[in-house]
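# Commentary on secondary and tertiary structure
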Amino acid sequence: MIRLVRGAPGSGKTALVFREFKDALRSGRRDMRIVVPTATLVRHFQHELARDGVVFPPSAVISLSRFAVECSPAAQLVPDGLLRAFVRDALRRLKPLEFAEVSGTEGMAATILDTITLFENAAWMPEKLVAVRKLSAHARAFQKVWSAVDTAVSACGYQTRGGIFRSAVVPPTKPPIWMDGFLNFSPVESQFVSALAQSCDVTITLADSQSKNEIRLFAMRHNAQDRLLPGVARKPQIVAVAAPNMEREADEIARRILKLRKQGMAFREIGVAVREASFYQPLLQGTFDRFGIPARFYFSSPLRKHPASNFLGGLVGCVLNGWEFSAALDTLQAHPAWGLSSAFDRFDFKVREAMPGKGAAALAALCEEDFAKRISPCFALDAWINDKVRPRDWARRFEEMARSLYRPGLIDPAADHHALDTARSQSAALSAWVEAVTSAAGFWPDAQTLLSLEEFWLVAQEVVEGASLHVPDDRRDVVHVMSAFEARQWDVSALFVCGMTDRDFPKRNPQNLLFPDAEIDALRIPLRKASDRDKEENELWEALKSRARHALILTYSEHDAGGNSVQSSRHLADLVIGKAQLCRASSETVPENAGLPGRIDAPELLAALAIHHQRLSLTALEDLGQCRFKFFAGRTLGLRARPERPEQRLQPKITGLILHQALEDWLNHKRQGDFVALFETAFDRMCGERHLPAGFRLEVERMNLRETARKVNATEQWIPASSQAEVELALDFPGGVTVNCRVDRIDLLNETDCVIVDYKSSKTANVEKLVESKVKLQGPLYALAARERLGLHTVAMMYVAVREDKRFGWGAVPGS
């Protein structure tokens, strides 16, 4: 039997469910269920009941999908990652010509999975699609892939979500069931609810509005008792806030949350609805952390992006690729303890300088002794490379490897929730990775199949790529940040809906790539179309407007992340015409904990710094002129940048060194000989010293620089009496400071006059800027040093942009 309870938002539908649930508990029943649409709403209801002092089995509040799984004890739901592996395998095996160009892409697998979900929600199976005539070529190709996936899933003892709902049976105890928070049922869900209604007392709550007629019609078809609760719709105070950019929008949300908190509203009574989590989640996380606002973000993240997955999966990849240096560095750096140590930093520098290279022994030779002992268990995995074992044995090995190697060591007490969340994520990611790899063993129907490491990892990697990570967060008083679709089922005192732009509210839904709307209509297949989802956009908006009891704050940014102007939502425009208050984001700043500026005041430290900086290079002096922090980091602390990877080494600095060496050799030979030949020698010497990787880019750079060398050889515009290259000079400054410099070239025109030349390999436009720059001191100080140390008068100082053979500077060379 079905009982339908309708009412306006806030009329007490959920309160009625809770009251009847408590009565059933008091009567001694323990088998009843409150069924809700999503896992986040499950947690919300559990917390609300717990706050009321109700003691109940946690499983008494359950999502519809989980309830269907419980009602199918003989069936096992296929993990999402494993289903993705089945799809990728089917595409590889079948090689449909229609998908030939994209079958190996992530997008094709995602499209297949989305389309399978679309059909399963419509209560369709592959064999039913086979019977449909006049399918397009792409539709027929999809049907073959879907059939192959369904066969593989069944052969391995799993079922998809649609199969779980179809095989679900009514619990033998026939418990009372309350279904709250639903906006509609898919066809496969409707069949399950219909089966429940045959034997159980099912109560369905429904907001009394035109947009929810689907569930009402479903209930009426089952002769449901219809009860309408008295009450009027909520009328929260609506405020629309425009901000100049997304950062100010996040600040405004934080400012208003703190204001509500100051007025006595608990954080848990505040919700934030997000449409585009990829944009707003990291922005809101950073803003809330900065302003001390506790928040729970109801979003999962891809497991593949977590350091635990990068480390564990990377180790397997390193074994298979022979410990290639670049991949090994990325892998070892992802370890929660090793990657943050100074020993790893030193190891990192040595490996980068030795790149390209490969081999566990070569890597171990670059480690300090203590660090080598710590990572030696990783190298021991090479023993797996020739093994062939059963899938379950591989899964067991991977689990043992993960739990023994991914260990953060002693963890300091968390300074804040962000640090605590990071620590929790390590444990959650480790468990999720082990679970994903263990489920990968179910890919092979024959559990006795012997597999190599490469064969097993090919599938396990696919499963990990498709797995999600959920980090537990059990704090009580937090702001709830969730997707707009989740928020439409919650009740909060204040709701913020951010990103109220015309791009996202209403959102334009794309058509399915394999079954466009026109084809669905022509074939009369009962699939949800893009046009159906577009209609639901209005339902989403109507639901969001009714979720707040007291305040509904709608925010939007006038410019997106790229600085482009953005149009506000048409829904917002309709509200402004009505009763909404429109305002600008406040210029007030949310109070932050301002730290004291860093300053060195101790006399003994200042004296030590003065001694340390008694001798400076000219480059260091320029660093001080540009940025004192750069000078302090590089010259005082002596911090070094990490060596470039091989593909990044061919920078203007290196090409400049090549030309400088060739010029020095040429001038030392008194301009005799072929400068191009000297350049070739210098280029080959630099390739060996800096381990420049051979390849197309290196040869293109060689040809470009060779042309530059020809210009240098052919465009000497004056004949000096003598020349010196790489001249070491020094200048004494007040306070006992000496500045050292090295001049690329000094040409003597006579006993007193000289020309100073400094060669630059950077872009010509950047070289030209050196003449006017107030912090680039090479030219003036070179001339001053030549006068003070060599007694020479500089008649011309020039920067030579060697790539285009152009000169910039001041003065003039007589006769040139």
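This text follows the structure it describes.
These numbers were taken from a predicted model, which means no experiment stands behind them.

Rules used throughout
- Residues numbered from 1 in each chain as written.
- Predicted model: local features only at pLDDT ≥ 70, side-chain atom pairs only at ≥ 80, totals over all residues.
- Heavy atoms only, no water.
- 1 Å grid on protein atoms, 1.4 Å probe; cavity = no way out; pocket = protein on both sides within 12 Å on 5 of 7 lines; lining within 4 Å.
- Points joined across faces, edges and corners; volume = space filled by probe spheres on them.
- Nonpolar A, V, L, I, M, F, W, Y, C, P; charged D, E, K, R; others polar.
- Helix = DSSP H or I, 4+ residues; strand = E, 2+ residues; numbered from the N terminus.
- Contact = heavy atoms within 4.5 Å.
- Buried < 20%, exposed > 50% of the residue type's maximum accessible area, 1.4 Å probe, protein only.
- Arc of directions from axis to C-beta.
- Phe/Tyr/Trp six-rings, centres within 6.5 Å; stacked < 30°, edge-to-face > 60°.
- Salt bridge = Lys/Arg side-chain N within 4 Å of Asp/Glu carboxyl O.

In this section: the layout of surface pockets. Taken as a whole, the second largest pocket encloses approximately 1800 Å³ of empty space. Split by residue class, the lining of the second largest pocket holds 13 nonpolar, 15 polar and 20 charged.

A few words now on the environment of Arg51. Relative to the elements of secondary structure, Arg51 occurs in helix H2 (residues 39–51). Put simply, Arg51 and Arg476 are 425 residues apart on the chain and 9.8 Å apart in space, counted from C-alpha to C-alpha. Each residue touching Arg51, except ones within four places of it in the same chain, is listed here: Arg268 and Arg476.

Now for unusual backbone geometry. Pro356 follows Met355 through a cis peptide bond whose omega is -5 degrees. Looking at where Pro356 falls in the secondary structure, it is placed in the loop between helix H15 (342–354) and helix H16 (360–365). That bond from Phe505 to Pro506 is cis: its omega, 0 degrees, falls within 30 degrees of zero. With respect to the helices and strands, the residue Pro506 is situated in the loop between strand E15 (492–497) and helix H22 (517–523). Its identity is not glycine, yet Asn223 carries a phi of approximately 55 degrees, on the positive side. With respect to the helices and strands, the residue Asn223 is situated in the loop between helix H10 (213–221) and strand E6 (225–228). When its relative accessible area of 69% is taken as the criterion, Asn223 is described as exposed.

Where H10 is concerned, the buried positions are Ile215, Phe218 and Ala219. Buried residues in H10, looked at end-on, bunch into an arc of 95 degrees, giving them a common side. Away from the buried face of H10 by more than 90 degrees, exposed residues Leu217 and Arg221 are located. Summarising the contacts, the buried residues of H10 are in contact with strand E1 (2–7), helix H9 (187–199) and strand E5 (202–207). Downstream of H10 by a residue or two, Asn223 has a phi angle that is positive, lying close to 55 degrees.

Enumeration over the complete set of coordinates arrives at 32 aromatic pairs. On the numbers, 6.0 Å between centres and 55 degrees between planes, the contact of Phe119 with Trp124 is tilted. Taken together, a centroid distance of 5.2 Å and an interplanar angle of 50 degrees make the contact between Phe182 and Phe185 tilted. Under the relative-accessibility criterion, Phe182 is labelled buried at 6%. Here a set of aromatic residues connected by ring pairs shows up, and it is made of Phe86, Trp384, Trp394, Phe398, Trp433, Phe443, Trp444, Phe456 and Trp457.

Counted according to the given criterion, the structure contains 56 salt bridges. The partner of Glu462 in a salt bridge is Arg88, with the nearest N and O atoms 3.6 Å apart. Of this pair, Glu462 sits in helix H20 (residues 453–466) while Arg88 sits in helix H4 (residues 80–94), and the two are 374 residues apart along the sequence. Neither residue differs from the other here; Glu462 and Arg88 are each classed as buried. For the salt bridge of Arg248 with Asp251, the shortest nitrogen-to-oxygen distance reads 3.6 Å. Of this pair, Arg248 and Asp251 are both found in helix H11 (residues 246–262), three residues apart, which corresponds to roughly one turn of the helix. Residue classification places Arg248 among the partly exposed residues on the basis of a relative accessible area of 22%. Residue classification places Asp251 among the buried residues on the basis of a relative accessible area of 18%. Each of the salt bridges in this network shares a partner with another, and the network as a whole consists of Arg84, Arg88, Arg92, Glu106 and Glu462.

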